[in-house]
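# Architecture at a glance
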Amino acid sequence: MEEVTFVGEALPFGERITLSDWNHRNVSVRKYFELHKDSIENIQEFWASKARELEWLSPWTKISEPGAHPHVTRWFPGGRINISHLCLDRHVSGKRRNKLSLIWEGEPRDEKGGPMEVRKYTYYELLTEVNRVAYAFRNELGLKRGDKAALYMPMIPELPIFLLALARLGVVFTAVFSGFSAENLALRIKDLGARTILTADGFYRRGKVIKLKETVDGAVSLSATVESVVVVKRAGLDVHMTEGRDHWLHDLLEGAPSSPEIQPEPVESDSPLYVLYTSGTTGGPKGIIHDHGGYATLLHTTMKEVFDMKDEDVYYCTADIGWVTGHSYIVFGPLLVGATTIMYEGTPDYPAPDTWWAIIERYGVSIFYTTPTGTRMLMKFGDDPVKKHDLSTLRLIHSVGEPINPSAWRWLYDVVGQKRCPVGSTWWMTETGGIMISYAPGTHFVPMKPGANGPPLPGIDAEVVNEAGEPVSPGTKGFLVIKKPFPGMPSPPTGIWGDPERYAKVYFEKFPGKNYFYTGDYAVKDTDGYIWVAGRADEVLKVAGHRIGTYELESALVSHESVAEAAVVAGPDAVKGEVPIAFVVLKQGRDPTPELTLELKKWTKSKFGSIAEPSQLFFVSRLPKTRSGKIMRRLIKAVASGSPLGDVTTLEDEAAVDEVQNAYQDLKRAVERID
Ligand code: WTA
């Protein structure tokens, strides 16, 4: 077995844990893979049977077929559907009409530490709100099918309400994480061609008010397409409203009837629902397109398989809706299966490190979906904040976003779940739309292994391959690929918004002739066929689970007048998993002062967004380069993480060794000086 570590911990490949309470679902690994093999051999029929569980407005004519561009697949073409209808109307016309759909808590706390604001919506009430907003968007702003909108919103109920209203009207939207800068927001507005922006005046974070509307104004001044801005009053801020362009939501809603009926647009199954921008190796962010029908099929299926969602459950996912996890598993997934979903405005450690546990106790949460970073952060406070609360309602826990190290898994399993709950690490990515590799306690539950992702889900043909695209032997690190198309994958018309060539190149050309979807991740498969995803194989960072391209941070740095060149690499961090470490070459005549270090850190933050300040920044006289001038990241990464460089002889092919050795020593000196 090759040595693989997560956050510095070696993996216990051999350990297995089985929960006898789940005997009705427990299956042997052999049995699971028999079922899995069958699902792959009959993959079309497998997904058709899942799609039949949804309510179609008109039936599809084919299960799947190639789209107009290479590697773009149309799922359920000919069928008409609307995800807003599936999430709302279907339940309102049935037994879930008066069931709670959404529970929201604001961040501000009272003297006793309890929430000052809670909002709860039954399915009926949520549909009414969505219809009122859809009415206002249509009648007041003229939004209609095929239009584009961008959201820059905090975690308040209006965010899911807006997503469902836009989906209902057939308006294609992009939600932008509220920690991104104005420039980053403008980039996304421009790429999508958004004509309407939805935002709030501000929101609460760690007891402070964070302004949003100002950032939107900055972004809109850089965008030519924007005609209207809708602002939710959340923080009572006195914001500037541009006459004719900006509208308070409450003013727009004044003209709406109390309970209008807005029929969901019967859109084609493979027409775009949303575009979500995510970072890649080079260039700007990629706008990943997700459709209505395929995406809904994958989410509906995984909510049952992975989360075992039942009508009695209360479900809490701690993600932010600005990222894909929130789209899929706070909003659309849970509502598709008629669950009660919780959203919380603030952070887990404010005002005390028991906010999550208090929420679980207050609402009797039974299913909890969280992150390794959040878990590691709260572990630092010990077991007492958890033990203060009655968490006996919990029955299932999963994590997402980055590899989970065995001790964080143990803590979730022993302390939070009291050795009673399945604990999983669900692997997926923005591009896949939903979970691909995970235990499936809802259907066929195999023994758990601390730190593993588990076997691929039924209908997902995942494999770990070498550079030639051939499966590697168990225990050997390779590249994670998905060999067959699946519903939820990037959708028509172009996979990446406006750039079908990039879509084909980034995801399908690494293994020529194979048609494999390349994930960009390293993984190891063990002798049982379980997959352990070990991190990115490309120049993408996972900082506290947030996906950030090193290229984007380098662009931000070199846009500063003092910077000639910059390289950003991942450094290890015991809580966040990875943090950005920057190496900067200054322009002639600029002094490498501590003030400049601070200024450049702040600069990166203002250019990119609050999530991406370099944790360390070193001034160096040169960066190690190959003969063709490419920055040698392997070498820089080795210095940044303090790991040995390994075999330097191969460097000879790439560069003049003396040059590289000099640059290497220079980097090391810079790092040691600061340490
Ligand atoms: C990583 C987040 C290990 C992986 C849903 C992937 C994981 C990237 C896991 C996608 C996991 C996500 N174990 N690694 N359970 N989940 N990843 O697009 O590197 O923000 O490629 O989607 O996160 O990040 P994204």
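Predicted, not measured: the structure shown is a model, and the values here were computed from it. In every chain, residue numbers begin from 1 and rise along the written sequence. Restriction of local features to residues with pLDDT of at least 70 applies here, the model being predicted, together with a cutoff of 80 or more for giving and counting side-chain atom pairs; totals for whole chains, interfaces and linings are based on all residues. Note that water and hydrogens are dropped before the side-chain values are worked out from all heavy atoms of the structure.

Attention now moves to the overall build of the chain. Secondary structure follows DSSP: runs of H or I at least 4 residues long count as helices, runs of E at least 2 residues long count as strands, and numbering of each begins at the N terminus. When helices and strands are counted, the chain shows 20 helices and 31 strands. A compact globule built from 675 residues should have a C-alpha radius of gyration of about 26 Å, and the chain, at 25 Å, falls within 12% of that. Seen through its C-alpha atoms, the chain measures out along the principal axes to roughly 75 × 65 × 60 Å. Burial analysis of the chain (675 residues in total) assigns 62% to the buried set. The contact criterion used is simple: two residues touch if any of their non-hydrogen atoms lie within 4.5 Å. A sequence separation of at least 24 residues applies to 72% of the contacts in the chain between residues at least 6 apart. Of the roughly 25100 Å² of accessible surface on the chain, 49% is carried by carbon and sulfur atoms. When charges are tallied, Lys and Arg are placed among the positive residues and Asp and Glu among the negative ones, while His and the ends of the chain are skipped. Lysine's charge is taken at NZ, arginine's at CZ, aspartate's at CG and glutamate's at CD. Charge centroids of the chain, computed over 77 positive and 86 negative side chains, lie 2 Å from each other. It is over C-alpha atoms that the radius of gyration is taken, and the globule rule equals 2.2 Å times the number of residues to the power 0.38. Burial status follows relative accessibility: with a 1.4 Å probe on protein chains alone, a residue under 20% of its type maximum counts as buried, one over 50% as exposed, and anything between as partly exposed. Surface exposure here means Shrake-Rupley accessible area, sampled with a 1.4 Å probe, where a residue is shielded only by the protein chains that are shown.

Here the focus is the layout of surface pockets. As a volume, the second largest pocket reaches approximately 350 Å³. In this structure, the second largest pocket is lined by 15 residues; those nearest its centre are T281, K286, K505, V506 and D538. Ranked by residues supplied to the lining of the second largest pocket, first place goes to helix α15 (residues 500-508) with four residues. As a working rule, the residues Ala, Val, Leu, Ile, Met, Phe, Trp, Tyr, Cys and Pro are called nonpolar, Asp, Glu, Lys and Arg charged, and the rest polar, with Gly in that last group. Of the residues in the lining of the second largest pocket, the class split is three nonpolar, five polar and seven charged. A 1.4 Å probe that fits into a set of points on a 1 Å grid over the protein atoms alone but cannot get out defines a cavity; an open set with protein on both sides within 12 Å along at least five of seven lines defines a pocket, and lining residues are those with an atom within 4 Å of a point. Grid points are joined across faces, edges and corners, and a volume is the space filled by probe spheres set on the points.

Strands pair, by our definition, only if DSSP identifies at least two bridges between them. On the basis of which strands lie adjacent, the open sheet formed by seven strands has the order β7-β6-β19-β18-β20-β21-β22 and mixed pairing. Strands with a single pairing partner mark the edges of an open sheet, and in this sheet they are β7 (118-122) and β22 (423-426). Averaged over all neighbouring strand pairs, the angle between strand axes comes to 20°, with direction disregarded. Across five bridges, strand β6 (residues 100-105) lies against β7 in antiparallel orientation. Residue pairing in the sheet places W104 in a bridge with R119 of β7. Lines fitted to the C-alpha atoms define the axes, with helices restricted to the stretch that makes contact. Angles between their N-to-C directions range from 0 to 180 degrees.

Another aspect to go through is the domain arrangement of the chain. Domain borders in the structure are assigned automatically or taken from a domain database. Per the domain assignment, the segments of the chain are domain 1 (14-522) and domain 2 (539-669). Listed per partner, the contact involves 25 residues of domain 1 and 21 residues of domain 2. Throughout, the accessible surface (probe 1.4 Å) given up by two parts as they are put together, summed over both, is called the buried area. Approximately 1800 Å² of surface area, both sides summed, lies buried where domain 1 meets domain 2, with 51% of it carried by carbon and sulfur atoms. Of all residues in domain 1, S279, T281 and W323 give up the largest surface area on contact with domain 2, accounting jointly for 26% of the area buried on that side. Salt bridges are defined as contacts in which a side-chain nitrogen from Lys or Arg sits within 4 Å of a carboxyl oxygen from Asp or Glu. At the boundary of domain 1 with domain 2, the tally comes to two salt bridges. Two residues, E431 and R547, come together in a salt bridge whose shortest N-O distance is 2.8 Å. A 3.5 Å cut-off defines polar contacts: any pair of N or O atoms within that distance qualifies, except that in protein one atom must be a possible hydrogen donor and the other a possible acceptor, and neighbouring residues in sequence count only when both atoms are side-chain atoms. On the surface where domain 1 and domain 2 come into contact, there are 14 residue pairs in polar contact (both at pLDDT 80 or more).

This paragraph deals with empty space enclosed by the protein. The final tally for this structure, using the stated rule, is five cavities of 30 Å³ or more. Volume-wise, the largest cavity comes out at about 80 Å³. Considering the residues around the largest cavity, the lining is formed by R536, D538, E539, V540, L541, T550, V569, A570, E578 and K637. Those elements that place two or more of their residues in the lining of the largest cavity are β27 (540-543) and β29 (563-573). Looking at the lining of the largest cavity residue by residue, the classes come out as four nonpolar, one polar and five charged. Roughly 50 Å³ of volume is contained in the second largest cavity. Along its surface, the second largest cavity is lined by A175, V176, F177, F180, R188, L276, Y277, G322 and W323. Tallied by class, the residues present in the lining of the second largest cavity amount to seven nonpolar, one polar and one charged.

Moving on, we come to the site of the ligand. We call a residue near a given molecule or strand whenever any one of its heavy atoms falls within 4 Å of it. Neighbouring residues of the ligand: 18 residues in total, closest T430, D521, R536, K542 and R547. In the model, a nitrogen atom of the ligand is placed 3.3 Å from a nitrogen or oxygen of the E402 main chain. Contacts to the ligand include R547, whose side-chain N or O atom sits 2.7 Å from an oxygen atom. A total of 520 Å² of accessible area belongs to the ligand in isolation, and the protein chains cover 97% of it. Elements that contribute at least two residues to the shell around the ligand include exactly α10 (324-336), β22 and β26 (531-536). Among the residues making up the shell around the ligand, the classes are represented as seven nonpolar, six polar and five charged.

The subject of this paragraph is the pairing of strand β16 (residues 272-278). Residues in a regular strand point their side chains to alternate faces of the sheet. Judged by how many residues are buried, β16 sits mostly within the fold: seven of seven residues are covered. Taken together, the six bridges between β16 and strand β17 (residues 286-291) define a ladder with antiparallel strand orientation. Paired with Y274 across the strands is H290, a residue of β17.

Before going further, it helps to spend a moment on the nonpolar core. Core analysis: the largest hydrophobic core is formed by 200 residues, its most contacted members being F137, L151, F307, F332 and W357. Looking at which element gives the most residues to this core, the answer is helix α4 (residues 123-141), with 10 residues. When residues are assigned to domains, this core turns out to be shared by domain 1 (14-522) and domain 2 (539-669), each giving three or more. Excluding anything up to four places from it in sequence, F332 contacts I83, C87, L163, L164, F173, L273, Y274, Y295, L299 and H327. Buried Ala, Val, Leu, Ile, Met, Phe, Trp, Tyr and Cys residues that are joined via side-chain atoms within 4.5 Å together make up what is termed a nonpolar core. Formed by 17 residues, the second largest nonpolar core is a distinct cluster that contains A567, V569, Y664 and V671.

What follows is about the pattern of salt bridges. The full count for this structure, using the stated rule, is 54 salt bridges. Among the ionic pairs, R16 bridges to D528, the shortest N-O distance being 2.8 Å. Of this pair, R16 sits in the loop between β2 (9-10) and α1 (29-41) while D528 sits in the loop between β25 (517-525) and β26, and the two are 512 residues apart along the sequence. Looking at D528, the relative accessible area reads 22%, which means it is partly exposed. A salt bridge links E117 to R234, with the shortest nitrogen-to-oxygen separation between them at 2.8 Å. Of the two residues, E117 sits in the loop between β6 and β7 while R234 sits in the loop between β13 (228-232) and β14 (246-248), which places them 117 residues apart along the sequence. The class of E117 is partly exposed, set by a relative accessible area of 28%. Ionic contacts of the salt-bridge type, sharing partners, join the residues K62, E65, R74, R80, E268 and D270 into one network.

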